[in-house]
Amino acid sequence: MAPRCSNAVFAAFNVVTLILGAAVLAAGIYYGAPHRGGSGGGVTECERFLRVPALVLGGAIMAASLAGLAGACCRASALLWLYLLLTGLLILAAVCFGVFALVVTNAGAGRTVSGTGFKEYRLGDYSTWLRRRVEDGGHWARIRSCLADANVCRSLQSNRTFDDFVNSNLSPVQSGCCKPPSACNFTYQNGTYWSKPAAGSSGGTNYSDPDCGTWSNDQSELCYGCQSCKAGVLANLRSSWKKIAFINAAFVALLVVVFSIGCCALRNNRRHKYTLLGK
């Protein structure tokens, strides 16, 4: 009874992961659809960036699930060995990722701006590995496209007062990408439109922060090319990765349980084989 029970639990788990893998794979195909929903807008760079990982992850989950399901139901020990090998590698990869995520996100924090409710971020405060990711032109072009597609600055375009704006709780991306740095001393018009001082005036074109010269009131440009924007993205990434690290720990624990059940299923297959030989 116990062997059948462990095989049944193992098979049921793989049915669930098979469905999950199919959903992820379908999402990848959906992201690649050229004119989904009849919008005619085509596939954005951000969606194209998400498509390949979704296809690879979905396909890998489905392949592993099918191997585990066939191994448990058909008592195919070779497939169970393959499944356990893949699961073991996945556990190792997840542990390495968790340690890596904690190390590279250890540095970096926002700096409170006096008299405001938000923080500003500097690229130099983050780890070298993270900085290289956003300083790479190809990587940043894709990230910038995602920011534009997500309209992260739209909520700041309302005509609220300057006092309301400076007391806003801006996200790191909004703080870095949607407004110029406070050190620029630009004149506020609205959250995404600021007047630069006239050339030759006090605080004119001799900016101490290069982002001041990069800032544009063009709503498609804003500060997307600024170092502060890259720092804001890293601040968001740092926060997300720390959360993912905890989720990853739970995922590793689950994988260990699944690996153990898989070992039981493999042992059950061997017992079944020996029983048949004994007969």
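Since we're looking at a predicted model, the values are computed, not measured. (Residues numbered from 1 in each chain as written. Predicted model: local features only at pLDDT ≥ 70, side-chain atom pairs only at ≥ 80, totals over all residues. Heavy atoms only, no water.)

Participant: Hey, could you go over the nonpolar core for me, with residue numbers and the actual values?
Facilitator: Counting 32 residues, the largest nonpolar core has Leu-147, Phe-165, Cys-177, Tyr-224 and Cys-229 as the members making the most contacts within it. Going through the elements one at a time, α4 (128–135), α5 (137–150), α6 (162–166), α7 (172–177) and α9 (227–278) are the ones with two or more residues in this core. Tallying contributions element by element places α9 first for this core, with 5 residues. Not counting the four nearest positions on each side in its chain, Leu-147 is found in contact with Trp-140, Val-152, Val-173, Cys-177, Tyr-224, Cys-229 and Val-233. (Core = buried A, V, L, I, M, F, W, Y, C linked by side-chain atoms within 4.5 Å. Buried < 20%, exposed > 50% of the residue type's maximum accessible area, 1.4 Å probe, protein only. Helix = DSSP H or I, 4+ residues; strand = E, 2+ residues; numbered from the N terminus. Contact = heavy atoms within 4.5 Å.)

Participant: An account of the environment of Leu-234 is requested, with residue identities and associated values reported.
Facilitator: Looking at the secondary structure, you find Leu-234 in helix α9. In the structure, Leu-234 is positioned 103 residues away from Arg-131 in sequence and 8.0 Å away in space, judged by C-alpha atoms. Every residue in contact with Leu-234, bar those within four places of it in the chain, is listed here: Leu-123, Tyr-126, Leu-130, Arg-131 and Val-134.

Participant: Explain the pairing of strand β3 (residues 187–190) to me, and be specific about the residues and the numbers.
Facilitator: One ladder, built from 3 bridges, connects β3 with strand β4 (residues 193–195); its direction is antiparallel. Following the sheet pairing, Asn-190 is matched in β4 by Tyr-193. Hairpin connection between β3 and β4: a loop of 2 residues separates the two successive antiparallel strands. (Pairing = 2+ DSSP bridges.)

Participant: I'd like to hear about the UniProt feature "transmembrane region" (unreviewed entry) in the protein chain, residue by residue, with values.
Facilitator: The UniProt feature table records "transmembrane region" (unreviewed entry) at residues 12–32, 52–73, 80–104 and 244–266. Helix makes up 100% of residues 52–73 and strand 0%, whereas the separation of the span's terminal C-alpha atoms amounts to 31 Å. Counted over residues 244–266, helix gives 100% and strand 0%. Its end C-alpha atoms are 32 Å apart. (UniProt positions renumbered as here; feature names shortened; annotations may be inferred.)

Participant: Please set out the layout of surface pockets residue by residue, giving values where relevant.
Facilitator: Counted as a void, the largest pocket has a volume near 700 Å³. Forming the walls of the largest pocket are 25 residues, and the residues nearest its centre are Leu-57, Ile-61, Leu-90, Phe-251 and Leu-255. The set of elements that each furnish at least two residues to the lining of the largest pocket consists of α1 (2–32), α2 (45–73), α3 (77–104) and α9. Classifying every residue of the lining of the largest pocket by side-chain character gives 20 nonpolar, 5 polar and no charged. (1 Å grid on protein atoms, 1.4 Å probe; cavity = no way out; pocket = protein on both sides within 12 Å on 5 of 7 lines; lining within 4 Å. Points joined across faces, edges and corners; volume = space filled by probe spheres on them. Nonpolar A, V, L, I, M, F, W, Y, C, P; charged D, E, K, R; others polar.)

Participant: Help me get a handle on the pattern of salt bridges, residues and values and all.
Facilitator: When the charged atoms of two side chains lie near each other, side chains of opposite charge can form a pair. Taken as a whole and assessed by the stated rule, the structure comprises 3 salt bridges. Note that Arg-111 and Asp-125 form a salt bridge whose closest N and O atoms lie 2.8 Å from each other. Placement of Arg-111 in strand β1 (residues 111–112) and of Asp-125 in the loop between β2 (119–120) and α4 is noted, with a sequence separation of 14 residues between them. The class of Arg-111 is partly exposed, set by a relative accessible area of 37%. On the accessibility criterion, Asp-125 (22% relative accessible area) is partly exposed. We note a salt bridge from Arg-144 to Glu-221, for which the minimum N-O separation is 2.5 Å. (Salt bridge = Lys/Arg side-chain N within 4 Å of Asp/Glu carboxyl O.)

Participant: I'd like a description of α3, backed by residues and values.
Facilitator: Over its 28 residues, α3 extends 40 Å from the first C-alpha to the last, a length consistent with the 40 Å expected when each residue adds 1.5 Å. Listing the buried residues of α3 in full gives Leu-80, Tyr-83, Leu-84, Thr-87, Ile-91, Ala-94, Gly-98, Ala-101 and Val-104. (Expected span 1.5 Å × (residues − 1).)

Participant: Describe the state of the cysteines, listing the residues and the values that go with them.
Facilitator: One pass over the structure, following the stated rule, counts 4 disulfides. Note on cysteine connectivity: Cys-177 is disulfide-linked to Cys-229, with sulfurs 1.9 Å apart. Between Cys-177 and Cys-229, the S-S torsion sits near 90°, and that sign places the bridge as right-handed. Of this pair, Cys-177 sits in helix α7 while Cys-229 is found in helix α9, placing the two residues 52 residues apart along the sequence. According to the relative accessible area criterion, Cys-229 is buried, its value standing at 0%. Covalently, Cys-184 is tied to Cys-212 through a disulfide, its sulfur atoms 1.9 Å apart. Sign of the S-S torsion, about -95° for the bond between Cys-184 and Cys-212, identifies this disulfide as left-handed. Of this pair, Cys-184 sits in the loop between α7 and β3 while Cys-212 sits in helix α8 (residues 210–214); the two residues are 28 residues apart in sequence, bridging distant segments of the chain. Here the two residues Cys-184 and Cys-212 agree in accessibility, since each one is buried. In this structure Cys-73 is a free cysteine whose sulfur lies 6.2 Å from that of Cys-74, the closest cysteine sulfur available. Cys-73 sits in the exposed class, given a relative accessible area of 53%. (Disulfide = S-S within 2.5 Å.)

Participant: Hey, could you go over the side chain of Glu-120 for me, with residue numbers and the actual values?
Facilitator: Along the chain, Glu-120 turns up in strand β2. Non-local contacts of Glu-120, meaning those with residues more than four positions away in its chain, are made with Gly-110, Arg-111, Val-113, Ser-175, Lys-179, Pro-180, Pro-181 and Ser-182.

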